[in-house]
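Chain residues, written in single-letter form:
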Amino acid sequence: MLNIILMGPPGAGKGTHAKWLSTEWHLPHISTGDMFREAMASGSELGNKIKDIVNGGGLVSDELTCELVKERLSREDCANGYLLDGFPRTIPQAEALASFGKEIGREVNLVIDIECPSDVLIKRISGRRVCPKCGASFNVETMKPKVEGVCDYCGTPLIQRKDDNASSFAVRLENYHKSTAPLLDFYKKAGLLHSFDGTLPILNMEAELGALLKSKE
Ligand code: AMP
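Residues numbered from 1 in each chain as written. Predicted model: local features only at pLDDT ≥ 70, side-chain atom pairs only at ≥ 80, totals over all residues. Heavy atoms only, no water.

Caption draft 1: Geometry of the site of the ligand. If you check the shell around the ligand, you find 16 residues, and the closest are Thr-32, Gly-58, Gly-86, Arg-89 and Gln-93. Backbone polar atom of Gly-58 to an oxygen atom of the ligand: 2.5 Å apart, as the coordinates give it. In the environment of the ligand, a nitrogen atom lies 2.9 Å from a nitrogen or oxygen atom belonging to the backbone of Gly-86. For the ligand, whose free accessible area comes to 480 Å², the fraction covered by protein is 97%. Broken down by element, the shell around the ligand gets its largest block of residues, four residues, from helix H2 (residues 32-42). Of the residues assigned to the shell around the ligand, the class counts are five nonpolar, six polar and five charged. (Near = heavy atom within 4 Å. Polar contact = N/O pair within 3.5 Å; in protein donor to acceptor, adjacent residues only side chain to side chain. Areas by Shrake-Rupley, 256 points an atom, 1.4 Å probe, with all protein chains shown as cover. Helix = DSSP H or I, 4+ residues; strand = E, 2+ residues; numbered from the N terminus. Nonpolar A, V, L, I, M, F, W, Y, C, P; charged D, E, K, R; others polar.)

So this is what it looks like as structure tokens:
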């Protein structure tokens, strides 16, 4: 059983690779960012509470985030594995996941870390366009959709995320280095960490990731 965490700075390619991995390996793709964006789009109480934080590039509270993830991982579709994208992002979140993961029988057994230099990240983020319906990600320079401005998978008009601007990106990158990067050591010590070069062409990355998952199956 593969209970996977996908880690990496904003723009490293987590969403893109998560989409492929979840389809190929039949794993539910659980993205806390997508969950928060859905809550904001629906105008729910949670959505209104977190809107300014998310759009500004800040981190939602550990308590709120962990509660959401625990509930999601408890569902039946995660019984045979899952792919977490964007969680955990802080040491307290990783500690909470270790504890509730044990409690609900969903302990993490593989951590994939996608590394990427900052100059590549900023270029990717500024050109990124996403599908608000299925979450697919494109880039106006490097990963163009077949029809300009339209999602290849579901035909929905693409949008630019509100937090994909220079100032929110700077906050997100700083948060990554300050709060999330220490998790790499946490998972390295646990013997679960596998790091990859996120600047590799997508097909090469897929081949490497596929080989890793096969070896762990
Ligand atoms: P992402 O789609 O993973 O880039 O996440 C978008 C935004 O959602 C982040 O910049 C945060 O504001 C929020 N978010 C997503 N995951 C978490 C998390 N694990 N902890 C706190 N905030 C999060």
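The structure having been displayed, the exposition proceeds.
Caption draft 2: Summary view of the environment of Pro-157. You can see Pro-157 is positioned in the loop between strand E6 (137-139) and helix H7 (166-180). Pro-157 sits in the exposed class, given a relative accessible area of 55%. Counting along the chain gives 56 residues from Pro-157 to Leu-213, while the straight-line C-alpha distance between them is 33 Å. Excluding its chain neighbours within four sequence positions, the residues that come into contact with Pro-157 are Pro-132 and Gly-149. (Buried < 20%, exposed > 50% of the residue type's maximum accessible area, 1.4 Å probe, protein only. Contact = heavy atoms within 4.5 Å.)

Caption draft 3: Highlighting H2. For H2, every residue scored as buried is listed here: Thr-32, Phe-36, Ala-39 and Met-40. For H2, the buried positions fall inside an angular range of 100° around the axis, keeping them on one side. Within H2, the exposed residues directed more than 90 degrees away from the buried face are Glu-38, Ala-41 and Ser-42. As for H2, its buried residues are in contact with strand E2 (29-31), helix H3 (45-55), helix H4 (62-73) and strand E3 (81-85). After H2 finishes, the residue Gly-43 shows a positive phi value of roughly 70°. (Arc of directions from axis to C-beta.)

Caption draft 4: Looking closely at the packing of aromatic side chains. For the structure on display, the rule yields two aromatic pairs. One cation-aromatic arrangement involves Lys-19 over Tyr-153; the distance from NZ or CZ to the ring centre is 5.2 Å. (Phe/Tyr/Trp six-rings, centres within 6.5 Å; stacked < 30°, edge-to-face > 60°. Lys NZ or Arg CZ within 6 Å of the ring centre and 35° of its normal.)

Caption draft 5: View of unusual backbone geometry. Cis geometry marks the peptide bond from Phe-87 to Pro-88, where omega comes out at 0°. Here Pro-88 shows up in the loop between E3 and helix H5 (91-103). The backbone phi angle of His-26 is positive, close to 55°, even though this residue is not glycine. Here His-26 lies in the loop between helix H1 (14-25) and E2. For His-26, a relative accessible area of 68% gives the class exposed.

Caption draft 6: Region of interest: the sheet that holds E3. Spatially, E2-E3-E1-E4-E7 is the arrangement adopted by the five strands of the open sheet, whose pairing is parallel. Sheet topology places E2 and strand E7 (193-197) at the edges, where each strand pairs with a single neighbour. When the angles between neighbouring strand axes are averaged without regard to direction, this sheet yields 20°. Looking at chain direction, strand E4 (residues 110-115) and E7 are connected through five bridges and run parallel. Counted as the bridge partner of Ile-112 is His-194 from E7. In this fold H2 packs onto E2 and E3, with an angle of close to 65° to the strand it touches most, E2. (Pairing = 2+ DSSP bridges. Axes fitted to C-alpha atoms, helices over the stretch in contact; angles between N-to-C directions.)

Caption draft 7: A look at the nonpolar core. Residues Ile-4, Leu-21, Trp-25, Leu-110, Ile-112, Leu-209 and Leu-213 are the most contacted members of the largest nonpolar core, which totals 23 residues. Elements that contribute at least two residues to this core include exactly strand E1 (2-7), H1, E4, helix H6 (118-127), H7 and helix H9 (202-216). In terms of nonpolar packing, the next biggest core, distinct from the first, is built from 20 residues, Met-7, Ile-30, Phe-87 and Ala-94 among them. (Core = buried A, V, L, I, M, F, W, Y, C linked by side-chain atoms within 4.5 Å.)

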